[in-house]
Amino acid sequence: MPKVNLYRYEETDKVIITPNARAETDTPSRMRLIADENCILTDGTKEVIVIDVMLDEVDKWQEINAETEADLKAQAYDILMGVE
């Protein structure tokens, strides 16, 4: 899962969030998590392909195989519908 540091800059009339630091001493405020091909990101409740999170929330996300997740949902649906 690629991770991209994001920097936040407040200007007079706007806020800019960018992966490009303006100075070497700038500290990222968020991180963009990007799922690898055939994978999704989940925190246990949401499933996404890309998400920007606060730095202290990065460890809450994990990457899982998208096909496996779809298979599990199909199996759960079958159980709920009584399909054997």
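Above this note sits the structure.
Because the structure is predicted, anything quoted here is derived from the model rather than measured. (Residues numbered from 1 in each chain as written. Predicted model: local features only at pLDDT ≥ 70, side-chain atom pairs only at ≥ 80, totals over all residues. Heavy atoms only, no water.)

What to know about the pattern of salt bridges
Evaluated as defined, the whole model comprises 3 salt bridges. Measuring nitrogen to oxygen at the nearest pair gives 3.3 Å for the salt bridge that ties arginine 8 to glutamate 10. According to the relative accessible area criterion, glutamate 10 is exposed, its value standing at 61%. The shortest N-O distance in the salt bridge between arginine 22 and glutamate 11 comes to 2.7 Å. Note that arginine 22 is positioned in the loop between strand E2 (15–18) and strand E3 (30–34) and glutamate 11 in the loop between strand E1 (3–10) and E2, a separation of 11 residues in sequence. Note on glutamate 11: relative accessible area 31%, which makes it partly exposed. (Salt bridge = Lys/Arg side-chain N within 4 Å of Asp/Glu carboxyl O. Buried < 20%, exposed > 50% of the residue type's maximum accessible area, 1.4 Å probe, protein only. Helix = DSSP H or I, 4+ residues; strand = E, 2+ residues; numbered from the N terminus.)

Points about the sheet that holds strand E5 (residues 47–48)
Spatially, the 3 strands line up as an open sheet ordered E5-E4-E7, and their pairing is antiparallel. Every interior strand has two partners, whereas the edge strands, E5 and strand E7 (62–65), have only one. As defined by bridge partners, strand E4 (residues 39–42) adjoins E5 across 2 bridges and the pair is classed as antiparallel. Looking at the pairing, leucine 41 lines up with valine 48 of E5. (Pairing = 2+ DSSP bridges.)

So, the pairing of E1
Bridging between E1 and E3 involves 4 bridges; their strand directions are antiparallel. Bridge pairing links valine 4 to arginine 32 in E3. Bridge count between E1 and E2: 4 bridges; the pairing is antiparallel. Within E2, the position partnered with arginine 8 by the bridge is isoleucine 17. Taking the residues that link successive antiparallel strands as the turn, the E1-E2 hairpin has 4 residues.

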